[in-house]
Amino acid sequence: MRLDRDYVCGCDGTKPEPGAGFLSVLACNLYLQLQMNSISGIVEFFEDEMISKPMPSKVILDNLQIQLQEDHPPSGLTSPNNVPLNISLPGCIIERTLDGTLSVLPLPYGYVKKNLGDLLNRSSCYEIASRKSDICNSGSCSNEESTGMSVCDNSDDEQISLSKLLQDNKELRSKLNLMKNLEQENHILRQELSILRNTVDDEKLKQLLESRNEIRRLEREKTTLQETLRLLQNELNRLEAERQRVYYGKVH
């Protein structure tokens with residue numbers, strides 16, 4: 001915290017007199033746990049019986065963590081307990097002018113550490129905001145330059161990828177022609193194989209027909225032989241009966 005006394009000069013060039021002063025406050029890396037009842041009690045200390053002249057001030061907040069806890073019991077019997085409210089403030093400037101106007105300027109993370117000297121000076125929020133816009137514009141320009149470089153790099157990469165694609169396309173075409181030739185050869189081989197299969201089938205059919213005819217012929221011969229054997233057996237039985245009859249006739 002720093003308090004500077006300003007001096008103002010009269011219109012007639014008289015001796016400077018003390019002015020309202022200027023208050024600078026820097027709060028960084030703070031973690032606060034506050035009760036809502038305590039905050040409502042602190043408000044009473046800011047009430048004055050006499051309205052004083054506003055003091056110009058600047059409050060710089062950097063990496064501020066606040067947890068607000070509600071200590072009043074819930075109104076309903078079945079209502080759950082109040083959940084604490086967590087507030088994270090990476091950077092902020094609160095400025096008060098002579099007429100009592102408050103200006104709040106949020107800052108990105110790490111901005112206070114990099115520009116602490118300028119922030120502690122009498123730079124107003126409007127000047128800081130203009131500097132931020134200049135930084136953003138310069139960042140956008142650098143981004144455009146980097147984008148141009150990336151475009152060049154991308155064009156080179158595209159040319160390399162295009163040549164590679166052309167080479168791959170050529171290889172694929174040669175492989176496709178080779179596959180077409182192989183397909184034609186396979187078709188010819190299939191036709192020859194089908195012809196061979198038909199030839200083999202015809203020969204097998206012919207052999208089967210010949211075998212069947214031979215089997216039928218053998219069956220007929222078998223039947224003839226069986227009939228001949230039956231006739232011979234009958235003739236043999238008849239001759240044996242006559243021989244026995246002649247033999248018994250001679251004996252008697």
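Predicted model, so just to flag it, every value in this text is computed and none were measured.

What counts, and where the lines are drawn
- Residues numbered from 1 in each chain as written.
- Predicted model: local features only at pLDDT ≥ 70, side-chain atom pairs only at ≥ 80, totals over all residues.
- Heavy atoms only, no water.
- Helix = DSSP H or I, 4+ residues; strand = E, 2+ residues; numbered from the N terminus.
- Areas by Shrake-Rupley, 256 points an atom, 1.4 Å probe, with all protein chains shown as cover.
- Salt bridge = Lys/Arg side-chain N within 4 Å of Asp/Glu carboxyl O.
- Buried < 20%, exposed > 50% of the residue type's maximum accessible area, 1.4 Å probe, protein only.
- Patch = residues over 30% accessible without salt bridge, like charges linked within 9 Å, V, L, I, M, F, W, Y side chains within 5 Å.
- pLDDT = per-residue confidence, 0-100.
- Contact = heavy atoms within 4.5 Å.
- Lys, Arg positive; Asp, Glu negative; His and termini not counted.

Things to note about the overall build of the protein
- Each helix and strand counted, the protein has 4 helices and 7 strands in total.
- For the protein, the sequential pattern of α-helices and β-strands runs β-β-β-β-α-β-β-β-α-α-α.
- Summing over all exposed atoms, the protein offers an accessible surface of approximately 21,100 Å²; the carbon and sulfur share of this is 58%.

Some points on the pattern of salt bridges
- Inspection of the entire model under this criterion finds 6 salt bridges.
- In this structure, arginine 217 and glutamate 214 form a salt bridge, with 2.2 Å as the shortest nitrogen-oxygen distance. Remark: glutamate 214 and arginine 217 occur in helix α4 (residues 125-251); sequence separation between them is 3 residues, near one turn of the helix.
- Given a relative accessible area of 34%, glutamate 214 falls into the partly exposed group.
- Note that glutamate 221 and arginine 217 form a salt bridge whose closest N and O atoms lie 2.6 Å from each other. Of this pair, glutamate 221 and arginine 217 both sit in helix α4, 4 residues apart, which is roughly one turn of the helix.

A look at a nonpolar patch on the surface
- Where nonpolar side chains cluster on the molecular surface, the patch consists of Leu30, Leu32 and Leu34 and spans about 200 Å² of accessible area.
- Residue position: leucine 34 is located in strand β4 (residues 22-35).

Remarks on the confidence of the model for the protein
- The pLDDT averaged across the protein works out to 75; a share of 73% of its residues lies at or above 70.
- When the criterion is pLDDT under 50, residues 7-18 qualifies, and its contacts beyond four places in sequence or with other chains add up to 10 contacts.
- Note that pLDDT drops below 50 for residues 139-152; the model gives that stretch 0 contacts with residues more than four away or on any other chain.

Notes on the side chain of aspartate 62
- Of note, aspartate 62 is situated in strand β5 (residues 57-69).
- Here aspartate 62 occupies a buried position and makes no salt bridge, while the nearest side chain of opposite charge, lysine 113, is found at 5.2 Å.
- Excluding residues within four positions of it along the chain, aspartate 62 makes contact with Ala27, Cys28, Asn29, Leu89, Pro90, Gly91, Val112 and Lys113.

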